[in-house]
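Residue-level listing of the chains:
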Amino acid sequence: MQATTTTIPLTCSLFPLQGSHGAVGPSKCNHPQWRNLQRKCSQKAFQITAQFELKPPPYPLNALEPHMSKETLEYHWGKHHRTYVDNLNKQIIGTELDGLSLEDVVRITYNKGDPLPAFNNAAQIWNHDFFWGSMKPGGGGKPSGELLEIIERDFGSFENFITDFKAAASTQFGSGWAWLAYKANRLDVGNAVNPCPSEEDKKLVVVKCPNAVNPLVWDYTPILTIDVWEHSYYIDYRNRRPDYISVFVESLVSWEAVSSRLEMAKVRAVEREKEEERKRREEDEDIIDDAEPAQMYLDSETEESEVE
Ligand SMILES: [Fe+2]
């Protein structure tokens, strides 16, 4: 079965779409939930416990040449990615988001499609860390083993997957990302409309997202991404996004990284199923515990009325 590609719109009228360096400072946003986060913090004399760091790519900045130049990495990682980190740290100081994991900040600030000011910077940090790890010097080609088997199972063939992935990356209007993700969640994730409302689960899907949005907000587990913001390819490819996408697939993708991410995604899905089953059992036991006294009371009433 072919995976679907879907674009999820951002809907918050209070949240301007940021440029490559843009960010909305807390003092400029009147979003009621954002004000609430700040108010709670001032009431608690919140202690600053964490600052996010700019992680370097897992290779030297010139290691992806000639496919992605050192100059591109110097701007893309050294300036754009750095700005997201600096802006997020400024935004969350003194809020209840301070001290949370980056993934939690992304999920919470997505706020059911009505993003809070920190969402764009938080998601862009996560996306770029993930993007650098999606590539390696001498990458590309074709995966093997279980990853290839699952791609062929879910897309019909590796070639079909490549067609879908390239289509998602090239048709994302304006800035955004294309993803290969492992879908192993319930349909209602409580945070966003699921872009693949299929009964099928535990499968790979291709999705595309505008701006900073990523599949974490649907509780999918991403395993590969390509950045299609212009800042990722304009130095090397000018306006030829399709050329950049082809080179990414043919010469840069680290299938080893994608394969290990798939393994982790499957383990995570199994662990979550066990946790959900445990919660279901506890809820069932609570229902039984609550029901038992009522039954006894009814029984005694019945007996009394029978005696009368
Ligand atoms: Fe980027």
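Residues numbered from 1 in each chain as written. Predicted model: local features only at pLDDT ≥ 70, side-chain atom pairs only at ≥ 80, totals over all residues. Heavy atoms only, no water.

Per an unreviewed UniProt entry, the chain is named superoxide dismutase, and its organism is Papaver somniferum. For the record of the chain, the UniProt heading Catalytic activity (unreviewed entry) holds the text "2 superoxide + 2 H(+) = H2O2 + O2". Under Cofactor (unreviewed entry), UniProt gives the following word-for-word description of the chain: "Fe cation". (UniProt positions renumbered as here; feature names shortened; annotations may be inferred.)

S.K.: Outline the overall build of the chain, listing residues and values.
M.R.: Looking only at helices and strands, the chain features 9 helices and 3 strands. N-terminal to C-terminal, the α/β element order of the chain is α-α-α-α-α-α-β-β-β-α-α-α. Looking at the chain residue by residue over its 308 residues, the buried ones come to 46%. Within the chain, contacts between residues separated by at least 24 positions form 79% of all contacts whose residues are at least 6 apart in sequence. Of the roughly 15,300 Å² of accessible surface on the chain, 52% is carried by carbon and sulfur atoms. (Helix = DSSP H or I, 4+ residues; strand = E, 2+ residues; numbered from the N terminus. Buried < 20%, exposed > 50% of the residue type's maximum accessible area, 1.4 Å probe, protein only. Contact = heavy atoms within 4.5 Å. Areas by Shrake-Rupley, 256 points an atom, 1.4 Å probe, with all protein chains shown as cover.)

S.K.: Report on the packing of aromatic side chains, specifying residues and quantitative values.
M.R.: Counted according to the given criterion, the structure contains 17 aromatic pairs. Between Phe158 and Phe161, the aromatic rings sit 6.1 Å apart at their centres with planes inclined by 45°, giving tilted as the arrangement. Taken together, the residues span about one helical turn, with Phe158 and Phe161 both in helix H6 (residues 158–171) at a distance of 3 residues. This pair shows no difference in class: Phe158 is buried, exactly as Phe161 is. A ring pair is formed by Phe161 and Trp255, whose centres lie 6.2 Å apart and whose planes are at 70°; its orientation type is edge-to-face. Separated by 94 residues along the polypeptide, Phe161 in helix H6 and Trp255 in helix H9 (residues 255–307) bring together distant segments of the chain. (Phe/Tyr/Trp six-rings, centres within 6.5 Å; stacked < 30°, edge-to-face > 60°.)

S.K.: Give me the environment of Gln51: which residues, what numbers.
M.R.: On the secondary structure map, Gln51 appears in the loop between helix H1 (32–44) and helix H2 (70–92). For Gln51 and Asp86, which are 35 residues apart along the polypeptide, the C-alpha to C-alpha distance reads 9.3 Å. Look past the residues within four positions of Gln51 in its chain and what remains in contact with it is Asn89 and Ile93.

S.K.: Which residues make up the pairing of strand S2 (residues 203–210), and what values do they have?
M.R.: With respect to burial, S2 is a largely interior element, 8 of its 8 residues being buried. Residues Lys203, Val205, Val207 and Cys209 line one face of S2 and the alternating positions Leu204, Val206, Lys208 and Pro210 line the opposite face, and both faces are buried. In this sheet, S2 lies alongside strand S1 (residues 176–183) in antiparallel orientation, the contact comprising 8 bridges. Residue Lys183 lies in a different strand from S2, and its bridge partner there is Lys203. (Pairing = 2+ DSSP bridges.)

S.K.: Tell me about the coordination of the iron ion, and please be specific about residues and values.
M.R.: Those protein atoms acting as donors to the iron ion are His76 (NE2), His128 (NE2), Asp227 (OD) and His231 (NE2), and they sit at 1.9 to 2.1 Å. For the iron ion, the 4 donor atoms are set out with angles of 89 to 132° between them, so the coordination reads as tetrahedral. Written as a sequence motif, the donor arrangement for the iron ion is H-x51-H-x98-D-x3-H. Taken as a pair, His128 in helix H4 (residues 119–133) and Asp227 in strand S3 (residues 221–227) lie far apart in primary sequence, 99 residues in all. Across this residue pair, the class does not change: His128 and Asp227 are buried. (Donors = N, O, S within 2.8 Å, 3.2 Å for Na, K, Ca; no water. Tetrahedral: all angles 85-135°; square planar, octahedral: opposite > 155°, others 65-115°.)

S.K.: Could you give an account of a negative patch on the surface, naming the residues involved and the relevant values?
M.R.: On the surface, a cluster of negative charge is contributed by Glu283, Asp284, Glu285, Asp286, Asp289 and Asp290. Considering the arrangement of structural elements, one finds Asp290 in helix H9. For Asp290, a relative accessible area of 61% corresponds to the exposed category. (Patch = residues over 30% accessible without salt bridge, like charges linked within 9 Å, V, L, I, M, F, W, Y side chains within 5 Å. Salt bridge = Lys/Arg side-chain N within 4 Å of Asp/Glu carboxyl O. Lys, Arg positive; Asp, Glu negative; His and termini not counted. Charge placed at Lys NZ, Arg CZ, Asp CG, Glu CD.)

S.K.: Lay out the layout of surface pockets with the relevant residues and their values.
M.R.: Looking at the largest pocket, its volume works out to about 230 Å³. Top element by residues in the lining of the largest pocket is H9. It accounts for 4 residues. Among the residues forming the lining of the largest pocket, the class breakdown is 7 nonpolar, 1 polar and 4 charged. (1 Å grid on protein atoms, 1.4 Å probe; cavity = no way out; pocket = protein on both sides within 12 Å on 5 of 7 lines; lining within 4 Å. Points joined across faces, edges and corners; volume = space filled by probe spheres on them. Nonpolar A, V, L, I, M, F, W, Y, C, P; charged D, E, K, R; others polar.)

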